[in-house]
Amino acid sequence: MTSHTPADTFPRQYARTQRYTVGAPRSFSVVPDGSRVVFLRSGSGGGRANLLWTLDTATGEERIAADPAVLLDGGEEDLSPAEKARRERSREGSAGIVGYALDADGTRAAFALSGRLFIADLATGGTAELPAVGPLLDPRLSPDGAHVAYANTAGELRLTRTDGGGDRALAEPDGPNVTWGQAEFIAQEEIDRDRGFWWSPDGERLLAERADDSPVRRWWIADPANPDREPAEVAYPAAGTANAEVGLWVLDLHGGRTEVAWDHEAFPYLARVHWSEGGVPLLLVQSRDQRAQRILGLDVTTGATEVLFEEREEAWLEAFPGVPAWTPDGKLVRISDHGGVRALVVGDRAVTGADLHVRSVVAVTAREVFFSASGGVGETDPEPGWIAVGRISHDGKDLAWESANGRPFTSVTSAVHAGGITVRATAEPDLPGTLVQVARDLPEGVVVDDVATVASYAETPVITARPVFRFAGERRIPAAVFLPTGYDRERDGLLPVLMDPYGGPHGQRVVQAHNPHLNSQWFADQGFAVVVADGRGTPGRGPAWEKSIAFDFAGATLDDQVEALRALADEFPLDLDRVAIRGWSYGGYLAALAVLRRPDVFHVGVAGAPVTDWELYDTHYTERYLGHPAERPEVYEANSLNKYAAGLERPLMIIHGLADDNVVAAHTLRLSSALLAAGRPHTVLPLSGVTHMTPQEEVAENLLLLQVDFVKRSLGL
């Protein structure tokens, strides 16, 4: 890690370094023979533009494979609106090369830069621009390296030869709102699928998504600070309204086209596509309410599909990273809520038990499955928040952990495996940043000593996070507590409290790591005891924990914040007469909910980009948890913040980016209108030109300072 600028304050450094991600290595791949690791990293802790790098696993030597500054002759990037939207969906805040794709043997990489197509020879270090009709999106090499397929902003899926021999369209839009080869909004935002096409292992065909968002309701997002600009038109599938029509086609390189058939009416969501060597393509499709899903096997010749596995659930079903997949000998690999346990299943057998909560599949080899997991149902771990990568034999008899000490109690933030090489990024509570290590397997499947460490250029934070982890209350709610640096209980006494949750689905905050807690530590250093609690609904504690919020956001998530607060006050110096709460997105919803419904506990709230009316949020997310609004109107009313507006007794600041197309500013404006109609004073901070990510450095820095000032004034500090 590199040193910081001497004049830096934490808010300034935190914003400038994109939360300390600038300069950190990321997006790892291992080539099939294990000779090379490919990754992205900027050239320093001060530059946001990622370069493409390789690491030789025999020597540990790192080498630049592609440099955006060279390829663009020092010019600025020019991103299309489609690419900006794609990055917003993936919460991508960096610049330069933000993604790449390898051919089958890992000798070449294709990537987009400023909407243009480039290819890098990873063996020689040479780069070249290929002809393409752009601005393009998501270029991917064929396994044999002869072609690059890519989508573009015109909605086409195109093909170019890597020898420069020509570029042509494989599929063109047959309607004004049709796109080929691009994941639709819901897939990108909620299903964690950002791809829209997949190469066959032999490079002769592609599976391509065709999406038509004509049925989707149009919204218009204006820029009130610039009234001369036209509002942006956004196809936004709000809860209870129509989604895009999504289909899948088999396209061969010679013009053949076959539509993939499945029961679209019963299973409209295309969640996963997997096409590996030696196995038929696998599709995971979900029902609209996500209470049912099927794994389908595809006949690429006819387009017919066969149901290989179907499951149903009263609450909902999840789509997990890395599955479904095949083992080399033809066993189906999946993750399933099996008997109340989220288990890894190989063939017909669950190979993990109640002691583990499986989160993803990293890789499948001839002998083992590499997977990530945390503590399971009824865990007895001494501290919460560990996430580890393990490897287990197909029969479940042999389990080893991918960590330097062979123990799972750490936080592995990412991992990849291929060719007998594992790359793992590990975080520790007392270690700034992440440590990325490259390890080689022994034949019997035990990890040998690390062969290399990937350098990080990320800046060292100007402050040190000091989380104290606990399981709080009878429910053993995972929590982290932060006290001011240098705090002395006899001298300083009880501290005002700042609850700092996300508190909702897919948002784990309590992790055994350092950098994710820096924001909370900075707030603590302003004179607060800060509490982060992951109550029911947050990931990592078993299916029942996650699904206990079904049809009720406003109950369990708020109750668990109260329980954690009161339980931790028995051990820590928490002044329960001075309690504030802040949060962003779902955390913003929870913060506003807290002061509206429990003013006896929470005395001031700061709600950033809150969802206030769930009928304004998207289909896949909202209907998964609350059902369809036409079928459960009472659920939507009970979970709306506007319903409780007349009960506001405490100071409330609401912050919202006016350019936010995920949680649109209408959420804040409707709550503000309801509060005004009820005669309840409140503060609204509109952010002109700011999206859900708040990437602007000045905005991100000043938001922290303004929140502290508002909380202190409201608590009389």
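Definitions and limits used
Residues numbered from 1 in each chain as written. Predicted model: local features only at pLDDT ≥ 70, side-chain atom pairs only at ≥ 80, totals over all residues. Heavy atoms only, no water. Helix = DSSP H or I, 4+ residues; strand = E, 2+ residues; numbered from the N terminus. Rg over C-alpha atoms; globule rule 2.2 N^0.38 Å. Contact = heavy atoms within 4.5 Å. Areas by Shrake-Rupley, 256 points an atom, 1.4 Å probe, with all protein chains shown as cover. Pairing = 2+ DSSP bridges. Axes fitted to C-alpha atoms, helices over the stretch in contact; angles between N-to-C directions. Parallel < 35°, antiparallel > 145°, perpendicular 65-115°, else oblique. Patch = residues over 30% accessible without salt bridge, like charges linked within 9 Å, V, L, I, M, F, W, Y side chains within 5 Å. Salt bridge = Lys/Arg side-chain N within 4 Å of Asp/Glu carboxyl O. Lys, Arg positive; Asp, Glu negative; His and termini not counted. Charge placed at Lys NZ, Arg CZ, Asp CG, Glu CD. Buried < 20%, exposed > 50% of the residue type's maximum accessible area, 1.4 Å probe, protein only. Expected span 1.5 Å × (residues − 1). Polar contact = N/O pair within 3.5 Å; in protein donor to acceptor, adjacent residues only side chain to side chain. Core = buried A, V, L, I, M, F, W, Y, C linked by side-chain atoms within 4.5 Å. Phe/Tyr/Trp six-rings, centres within 6.5 Å; stacked < 30°, edge-to-face > 60°. Lys NZ or Arg CZ within 6 Å of the ring centre and 35° of its normal.

Participant: Go over the overall build of the protein chain, please, and point to the residues and values.
Facilitator: Summing up its helical and strand segments, the protein chain has 13 helices and 44 strands in all. Here the C-alpha atoms of the protein chain give a radius of gyration of 25 Å, agreeing with the 27 Å that 2.2 N^0.38 yields for 717 residues. Referenced to the eigenvectors of the C-alpha coordinate spread, the extents of the protein chain come out at roughly 70 × 55 × 55 Å. Looking at the protein chain alone, contacts between residues at least 24 apart form 60% of all its contacts between residues at least 6 apart. Per element, the accessible surface of the protein chain, about 27,300 Å² overall, is 49% carbon and sulfur.

Participant: I'd like a description of the sheet that holds strand β30 (residues 368-375), backed by residues and values.
Facilitator: Taken together, four strands build an open sheet; the order of strands is β29-β30-β31-β32 and the sheet is antiparallel. With partners counted over all chains shown, the strands left at the sheet margins are β29 (356-364) and β32 (399-401), one partner each. Between one strand and the next, the sheet's axes are offset by a mean angle of 30°, whatever the strand orientation. One ladder, built from three bridges, connects strand β31 (residues 388-393) with β32; its direction is antiparallel. Bridging from a neighbouring strand, I392 pairs with L399 of β32.

Participant: How would you summarise the sheet that holds strand β9 (residues 127-130) if you had to cite specific residues and measurements?
Facilitator: On the basis of which strands lie adjacent, the open sheet formed by four strands has the order β6-β7-β8-β9 and antiparallel pairing. Only two strands of the sheet have a single partner each, and these edge strands are β6 (101-102) and β9. Strand direction decides the pairing type here: β6 and strand β7 (residues 108-113), joined by two bridges, are antiparallel. Residue pairing in the sheet places A101 in a bridge with A110 of β7.

Participant: An account of the packing of helix α8 (residues 553-568) against helix α9 (residues 586-597) is requested, with residue identities and associated values reported.
Facilitator: Interaxial distance between α8 and α9 falls to 10 Å at its minimum, and their mutual angle equals 80°. With respect to their mutual orientation, α8 and α9 come out roughly perpendicular. Counted together, F553, A554, T557, L558 and Q561 of α8 and Y586, Y589, L590, L593, A594 and R597 of α9 form the full contact between these two elements.

Participant: Describe a negative patch on the surface, listing the residues and the values that go with them.
Facilitator: The grouping of D144, D202, E204 and E277 at the surface amounts to a negative patch. Here D144 lies in the loop between β10 (136-141) and β11 (147-152). Note on D144: relative accessible area 47%, which makes it partly exposed.

Participant: I'd like to hear about helix α13 (residues 697-715), residue by residue, with values.
Facilitator: Along its 19 residues, α13 runs 28 Å from first to last C-alpha, staying within 8% of the 27 Å computed at 1.5 Å per residue. Here α13 has its buried residues at A700, E701, L703, L704, Q707, V708, F710, V711 and L715. G716 lies just past α13 and shows a positive phi near 75°.

Participant: An account of helix α10 (residues 619-626) is requested, with residue identities and associated values reported.
Facilitator: Buried residues dominate α10, accounting for eight of its eight residues. Looking only at α10, the buried set comprises T619, H620, Y621, T622, E623, R624, Y625 and L626. Tucked into the core, α10 has its buried residues touching α4 (185-189), β21 (269-274), β22 (282-286), α8, α9 and α11 (633-639). Structurally, the start of α10 carries an N-cap: the backbone nitrogen of H620 is 3.4 Å from a side-chain oxygen of D618.

Participant: Outline the pairing of strand β23 (residues 292-298), listing residues and values.
Facilitator: Counted residue by residue, β23 has six buried out of seven residues, so it is predominantly covered. Taking the residues between adjacent antiparallel strands as the criterion, β22 and β23 are bridged by five residues, where Q290 takes a positive phi near 60°. In the sheet, β23 pairs with strand β24 (residues 305-312) via seven bridges, with the strands oriented antiparallel. Bridging from a neighbouring strand, G297 pairs with E306 of β24. In this antiparallel pair of consecutive strands, β23 and β24, the connection spans six residues, and G303 shows a positive phi of 85°.

Participant: Can you break down the environment of R36 residue by residue, with the values?
Facilitator: On the secondary structure map, R36 appears in strand β2 (residues 36-42). With 22 residues separating them along the chain, R36 and A58 place their C-alpha atoms 8.4 Å apart. When sequence neighbours within four positions are dropped, the list of residues in contact with R36 reads S29, V30, V31, T54, L55, T57, G106, T107, L122 and A123. Here G106 takes part through its backbone oxygen, which lies 3.1 Å from a polar atom of the side chain of R36.

Participant: Help me get a handle on the environment of D441, residues and values and all.
Facilitator: Locating D441 in the fold gives a position in strand β35 (residues 431-441). Its relative accessible area of 18% is what places D441 among the buried residues.

Participant: Would you mind going over the nonpolar core in detail, with residue names and values included?
Facilitator: Across soluble globular proteins, nonpolar side chains have a tendency to be buried as a group. The biggest cluster of nonpolar side chains holds 75 residues, and the ones touching the most others in it are F553, F602 and W614. Here the element with the most residues in this core is α9; it accounts for nine residues. With sequence-adjacent residues up to four places away left out, F602 is seen in contact with M499, L558, Q561, V562, V579, I581, A594, V595 and R650. Of all hydrophobic cores here, the second largest spans 30 residues; its members include A465, V530, V532 and L715.

Participant: Hey, could you go over the pairing of strand β38 (residues 477-482) for me, with residue numbers and the actual values?
Facilitator: Counting buried positions over the six residues of β38 gives six, a clear majority of the element. Both strand β37 (residues 468-472) and β38 contribute to a ladder of five bridges, which runs antiparallel. Each bridged residue has a counterpart across the sheet, and for R470 the counterpart in β38 is A479. Here β37 hands over to β38 after four residues, with G473 in that stretch at a positive phi of 75°. Two elements, β38 and strand β40 (residues 529-533), share four bridges in a ladder whose sense is antiparallel.

Participant: Describe the packing of aromatic side chains, and please don't skip the residues or the numbers.
Facilitator: Taken as a whole and judged by the stated rule, the model has 28 aromatic pairs. Consider the rings of Y617 and Y621, whose centres lie 5.3 Å apart with planes at 90°: the pair is edge-to-face. Exposure class is identical for Y617 and Y621. Each is buried. In this structure an aromatic cluster arises from ring pairing among W316, Y502, F553, Y586, Y589, W614, Y617, Y621 and Y625. A cation sits over an aromatic face here: R257 above W180, 5.1 Å from the ring centre.

Participant: Give a description of the pattern of salt bridges that names residues and reports values.
Facilitator: One pass over the full model with this rule turns up 39 salt bridges. Of the charged contacts, one joins D213 and R218 as a salt bridge, the two residues approaching to 3.0 Å between their closest N and O atoms. On the basis of relative accessibility, which here comes to 24%, the residue D213 falls in the partly exposed class. Judged by its relative accessible area of 19%, R218 is buried. When the shortest N-O distance is used, the salt bridge between E368 and R367 registers 2.9 Å. Look at E368 and you get buried, because its relative accessible area is 7%.

Participant: Tell me about unusual backbone geometry, and name the residues and values.
Facilitator: With the exception of glycine, most residues fall at negative phi, and the peptide bonds are largely trans. Cis geometry marks the peptide bond from G134 to P135, where omega comes out at -5°. Examined against the element boundaries, P135 turns out to sit in the loop between β9 and β10. Of note, F551 is a non-glycine position whose phi angle comes to about 65°, a positive value. Following the sequence through the fold, F551 ends up in the loop between α7 (543-547) and α8.

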